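Coordinate inspection notes
Here's the letter readout for the chains.
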Amino acid sequence: FLLLTPLIPPDFSLYFPLIYSLRSSLIPLIHSPHSFYSPHFQVSVPEDVDVRQTIGLKPLPEVHQYKEGHEIIDPVLNRNKFQPEVPNKLSDGKTYEYTWVESAKLRRAREEVEQKFQEKVRDLGNDQEKIKESGYSEHGYHSHLAETIAINRDIGDKRHPQCKNGGWPSDMPKASVIFCFHNENLVVLLRSIYSVLMRTPPELLADIIVVDDASTEAHPDIKQPLDDMVALMGGKVKVLRLDQRSGLIKARMAGAAFSTGQFLVFFDAHIECSHGWLEPMLERVYHNPTTVVCPCIDIIKHDTMEYPNNAQQEIQKGGFHWGLIYKWIPLNATQRAQGITAPQASATMAGGLFGMSREYFYQLGTYDEEMKIWGGENLEISFRIWMCGGRLEIVPCSRVGHLFRVKNPVSFPDGSDTVSRNTRRLAEVWMDEYKEYYYDIQGGKGRDFGDVSARKHLRDRLQCKPFKWFVENVYPELVVPDESNFALGSIRNPSSNLCLDDLQKLEDEKSEKKVGLYWCHGQGGSQFFVFSKDYEIVALRKNDYCLDNSNYAPGATLEWYPCHKMGGNQLWTYNTQTQELIHVPSNNCLDTRSLKAKDFVRLNPCDGSLSQQWEFSKVCSKETLWKKVK
């Protein structure tokens, strides 16, 4: 019946009894009969309904059923085993053609949307600062400027010249590109979709799935206007709408289940693909299906919408800090020697843009479905890839621009801190004894993280390596707060019972990162520090910040500054007998004299007073004097 659908005339009310009688074998939940023959699909999915059942696909096993001999079953392939097969042949030199053509109807519709939004921006008046702030408030970037730029704009070729030689295997798999959004700007979303259509060889593109995670009625532009545009895009673009807010994790799983490609690409809904973005990613997975690939993420400027050409710059790879948040780190010397266009191993992914074999996605356990909304899922899948036999890479010849928001305008449904809950889940499942460092630094031990037994069963079934292996072999750059350092924990002045405290200054990127004092609470978090082997005092909760001072005058305050491993203003000495913490360049001592909770700690000439005595909650070194010897 579905094969005959395109032959049915637009007015087919006479056929509705037949459709109704076949509903159990088709799609169980459909808004209207029109959805059958439209080039796009609209499927509403209540939060408590499995999207695989909703769109007529075989449900996956419940996660608690993971036992020996059970696998995660892909709803499209319906296969329960993944046997990586590396093709014997190398590239046979194929050059794929970019032959997608915008139809006349689609062009007119696009121009109408562009004109509508340009008129809307003009109607906002001449107060440019107010207009700019309005866009930032709604979307986290200058969305009103974005609305004045052509949806199909030409960004040029962002690849390095060495990446333009072509020559790919002729039988690479087709890709499904999955966009997920909630209250996204229509023009920015359409520009994302257009960039895929314009710069992807049609023979390599199975479909584009656009998942609307229950956008609100306050954003009507991404309802019917989006559907009208998608209906003119030739059938490869499909809209999947969720009735209730489910979050990025479940929206992506819904999109994957709804897609048909053998290679899954997950994108944020505010990106622009450069020329030749897909082929380098596909080739890496073609030769090793257990490789997961990320494009090189270029930054589209949030205030000007400019997409700079960064192809000549060395890429960075992914790491994380002990708050279990992603961070960029430089390549090591061995990686640099491989050349600027060589794919590079990365410990973690940023999470917004990556691709992997469809089969491997399901074999590896998709996402942790009990994680809520957003946060931590990128590290969870990164740990799982490496520890369970896969490989994660950044591919410099694949370049995709990403519009980074300066703030997250999206609220969480119940107002809860989903990031902290999600990161506790991944710590409990994947980090073994290292999770204690996470709790020491981030806090939150004993708080709810839900039932993780299913994910632990998954880890056992996949026979994954320990987290210690990951740290030593994949992410040796990680600063581990273990007993190889001089001391760990709180730094307390006994006479006042005040401890050094970051006063949450590290949480706010814009705040002045002064070093403060607060009543000692013994819960780690903002009072957990490391006196490192490099004679630094390091806060690990947000990146790696070191206690720093460039003002040598008495009474000077201190600040947290990114650790640079060069000594200088970040060099400290400690004497376990006198308990003085001495700033080496100024030869001054850390001092609480006349200070109270929430004040900023000072440096003063050393005088042996009680206000200059400090003790660490855990001393690891047996040495009396911790002093760097030249």
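Above: the structure in question.
Okay, so let's go over this structure. (Residues numbered from 1 in each chain as written. Predicted model: local features only at pLDDT ≥ 70, side-chain atom pairs only at ≥ 80, totals over all residues. Heavy atoms only, no water.)

So, about the overall build of the protein chain. Looking only at helices and strands, the protein chain features 17 helices and 25 strands. When burial is assessed residue by residue, the protein chain has 55% of its 630 residues classed as buried. Partitioning the intrachain contacts of the protein chain with sequence separation of at least 6 by distance along the chain shows that 74% fall at a separation of at least 24. Of the roughly 27,400 Å² that the protein chain leaves accessible, carbon and sulfur atoms contribute 50%. (Helix = DSSP H or I, 4+ residues; strand = E, 2+ residues; numbered from the N terminus. Buried < 20%, exposed > 50% of the residue type's maximum accessible area, 1.4 Å probe, protein only. Contact = heavy atoms within 4.5 Å. Areas by Shrake-Rupley, 256 points an atom, 1.4 Å probe, with all protein chains shown as cover.)

Attention now goes to the pairing of strand β6 (residues 291–300). Taken across its 10 residues, β6 has nine buried, putting it largely inside the fold. Across 10 bridges, the pairing between β6 and strand β11 (residues 391–403) is parallel. Following the sheet pairing, Ile300 is matched in β11 by Leu403. (Pairing = 2+ DSSP bridges.)

It is worth spelling out the sheet that holds strand β25 (residues 625–626) at this point. Read across the sheet, six strands follow the order β18-β23-β22-β21-β20-β25 without closing on themselves; strand pairing throughout is antiparallel. In the strand order of this sheet, the two ends are held by β18 (556–557) and β25, each with one partner. Here four bridges tie strand β22 (residues 588–591) to strand β23 (residues 602–605), and the two strands are oriented antiparallel to one another. Bridging from a neighbouring strand, Leu590 pairs with Leu603 of β23.

This structure, assessed with the given rule, holds 28 aromatic pairs. Seen from their ring centres, Phe529 and Trp560 are 5.2 Å apart, and the 10 degrees between their planes marks the pair as stacked. Placement of the pair is Phe529 in strand β15 (residues 529–531) and Trp560 in strand β19 (residues 559–562), with a sequence separation of 31 residues. You'll find Phe529 and Trp560 in the same group, each marked buried. These aromatic residues form a ring-pair network of at least three members: Phe320, Trp322, Phe383, Tyr434, Tyr437, Phe467, Phe470 and Tyr475. Of note, Lys465 hangs over the ring of Trp469, and the distance from its end group to the ring centre comes to 4.8 Å. (Phe/Tyr/Trp six-rings, centres within 6.5 Å; stacked < 30°, edge-to-face > 60°. Lys NZ or Arg CZ within 6 Å of the ring centre and 35° of its normal.)

Read these as geometric descriptors, not functional statements.
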